[in-house]
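Letter by letter, the chains look like this.
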Amino acid sequence: MTWTWRDSGLLAAGAVGRLVDAQRVKRWYFDRVASGNAGAGGGAAATLLAMARARSPLRDAAGAGGAGAPPAPVEVMKAEERKALLLQQLAGHLKGTTDTWMSIMVASWVLWIDATVMAMIYLGDQLGLYKQMASRGSTWTASRLAKAAGGLQARLVQEWLAQQAAAGLVDFDPKKGTFSLSSACVPLLAEPLSGSFFAPYATLMLACWKRIPTMMDAFRGQCLAPSYDEAGEDLADAMARLHVPEVKFNFIPKVLPLIQDGSLLQRLNSENLLCADVGASGADCTMEMALQFPKATFHAYEVADPALDRARENVKRRGLQNLKIIDAKIHPLGKAISSGQVKQRYDFVMCYDVLHDLAHPEQLIEEVREVLAPGGVWVIVDIASNGEMAENVRNHQKAATYYGISVCVCLPSGLSADGGRGLGTLGFPPEVAEPMFRGNGFSKIRSFQMPSLEKNQVYEVQI
Ligand SMILES: C[S@@+](CC[C@H](N)C(=O)[O-])C[C@H]1O[C@@H](n2cnc3c(N)ncnc32)[C@H](O)[C@@H]1O
């Protein structure tokens, strides 16, 4: 099918005004894409942005070979389907297949709108507005919501609600003048343990934006790239809220049973195993493990001060006896035994989303080799990627996002010490990881992916 300048012009006009009718696209999306393709945690972002402005799911649909029904011939397509298909093509333009200046312009508008929606999602999440709207389950006026959320300014809440309604996240009843959180948005924006909770991505975005000025200096060579130490609380908060559901609903029940043919899980349930969570951030995931396996003892190793503060606060609040926080700057893992910090070697070590962030990953691999007990196992969950950058750019569905996160967070961390390896978010695929493990004394290495942990690669590593 061919697109004319008129099509592009019409769409551009729509983009400037309202871009696309969010409610119609929402219906289109659920009818034709979500029913067959989304719904699990991995589809959360796509679902939400579909509802917000309909770009990402269309891109996902394209990436998945056009999941759902193939597009109808253009002459029988309804207006909303034509718009949706055009947006799908525009998403393609963002990948670099540019035809017209006009479509690039529209795509830029889509990006800008998505960014604005993310900023407003951050407000709704952090101010408890989504939680209020979902928990009371009813319709809201701005003043009632402002009051229920702890005495916020009603005029500001009203403008936020208008934005949310325009974005399609909140339903607006013009006759009654009331708002309600769209039911499809409840698990995405108001339920932290739904398995498809999306709101922390807005916090992650804020953490990225906050680092931009420092990154400008780092790009110019005026300072070393910033580590997690300089990342502040936002990053630890985003990490915790994104990873805890993964650990609770996937890592513990689905990954652990596969390790050492099930014997690790059995021993965690029945013995006082000594376990280390290295790069534990605020220890939120370590807490999940300590709660799930009360017979085992967990040590959470971390180097960043904001994360260590959160971890200590967490332990104080929950009063867990089987969890200890260790400042790895003072007591590095590799010296745990020789310094007397720990009396026996570790039966189980885990690193969840850590290795690609390290300035010196080989050093940590050596350290784990040093402290792992005979028969012990190291489980690493890291970001799945391809060995070649060109392959990631072409085929990794989330490459644009992950390379962006990499520039702001993961790569700086990996370059934050002299001679830092600087792997980056997508820099630790099996092609890179396995030789590193083998070269540092590990001989039994298994790597696999799990459909339920779609963004991750799991490594089971033993001596
Ligand atoms: C992406 S975060 C990991 C989040 C955490 N595992 C979770 O699941 O929420 C990576 C963490 O590794 C930490 N880190 C980096 N180098 C480290 C080291 N040598 N020892 C311990 N932690 C380290 C960083 O400070 C950061 O908090």
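I will try to describe carefully the structure that is included in this document. (Residues numbered from 1 in each chain as written. Predicted model: local features only at pLDDT ≥ 70, side-chain atom pairs only at ≥ 80, totals over all residues.)

Quick look at the sheet that holds strand β3 (residues 274-278)
Next up, step 1: Across the sheet, which stays open at both edges, the seven strands sit in the order β5-β4-β3-β6-β7-β9-β8 with mixed pairing between neighbours. The strands lining the two open edges of the sheet, one partner per strand, are β5 (323-327) and β8 (444-449). For this sheet, the mean angle separating the axes of adjacent strands, direction not counted, is 20°.
Next up, step 2: As paired strands, β8 and strand β9 (residues 456-462) are joined by six bridges and run antiparallel to one another. From the neighbouring strand, Lys444 faces β9, where its bridge partner is Gln462.
Next up, step 3: Contacts between helix α15 (residues 305-318) and the sheet are confined to β4 (297-302) and β5, with β5 contributing the most and set at about 160° to the helix. (Pairing = 2+ DSSP bridges. Helix = DSSP H or I, 4+ residues; strand = E, 2+ residues; numbered from the N terminus. Axes fitted to C-alpha atoms, helices over the stretch in contact; angles between N-to-C directions. Contact = placed C-beta atoms within 7 Å.)

A look at helix α14 (residues 284-292)
Next up, step 1: Taken across its nine residues, α14 has seven buried, putting it largely inside the fold.
Next up, step 2: Listing the buried residues of α14 in full gives Asp284, Cys285, Thr286, Met287, Glu288, Met289 and Ala290.
Next up, step 3: Buried residues along α14 sit in contact with α12 (232-255), β3, β4, α15, β5 and β6 (346-352). (Buried ≥ 20, exposed ≤ 12 C-beta atoms within 10 Å, placed from the backbone.)

A few points about the pairing of strand β7 (residues 372-383)
Next up, step 1: Counting buried residues in β7 gives nine out of twelve residues, a clear majority hidden from the surface.
Next up, step 2: Here β6 runs beside β7; their pairing, made up of six bridges, is parallel. Among the inter-strand pairings, Met350 is bridged to a residue of β7, identified as Val379.
Next up, step 3: As a crossover connection, the stretch from β6 through helix α16 (residues 361-371) into β7 is right-handed.
Next up, step 4: Here β7 runs beside β9; their pairing, made up of six bridges, is antiparallel. From the neighbouring strand, Val379 faces β9, where its bridge partner is Glu460. (Right-handed = clockwise from strand over helix to strand, strands pointing away.)

Details of the environment of Val255
Next up, step 1: On the secondary structure map, Val255 appears in helix α12.
Next up, step 2: Judged by C-beta crowding, with 22 C-beta atoms within 10 Å, Val255 ranks as buried.
Next up, step 3: Leaving out residues up to four positions away in the same chain, Val255 has contacts with Asn250, Met450 and Val458.

As for the site of the ligand
Next up, step 1: Within the structure, the ligand sits among 21 residues, and Tyr228, His243, Gly279, Ser281 and Ala304 are positioned closest to it.
Next up, step 2: Going through the elements one at a time, α12 and β4 are the ones with two or more residues in the shell around the ligand.
Next up, step 3: Take the shell around the ligand: its biggest share by element is three residues, from α12.
Next up, step 4: Across the shell around the ligand, the residue classes tally to 15 nonpolar, three polar and three charged. (Near = placed C-beta within 6 Å. Nonpolar A, V, L, I, M, F, W, Y, C, P; charged D, E, K, R; others polar.)

Thoughts on the environment of Ala304
Next up, step 1: The topology assignment puts Ala304 in the loop between β4 and α15.
Next up, step 2: Given 24 C-beta atoms within a 10 Å radius, Ala304 is considered buried.
Next up, step 3: Linking Ala304 and Asp229, residues 75 residues apart in sequence, is a C-alpha distance of 4.2 Å.
Next up, step 4: Contacts of Ala304, omitting those with residues within four sequence positions, involve Ser227, Tyr228, Asp229 and Ala231.

As for the pairing of strand β2 (residues 178-181)
Next up, step 1: Residues Phe179 and Leu181 point to one face of β2 and are all buried, whereas Thr178 and Ser180, pointing to the other face, are not buried.
Next up, step 2: Alignment of strand β1 (residues 170-173) against β2, held across four bridges, turns out to be antiparallel. Within β2, the residue paired with Asp173 across the bridge is Thr178.
Next up, step 3: Counting the residues that bridge the hairpin from β1 to β2 gives four residues, and of these Gly177 lies at a positive phi of roughly 70°.

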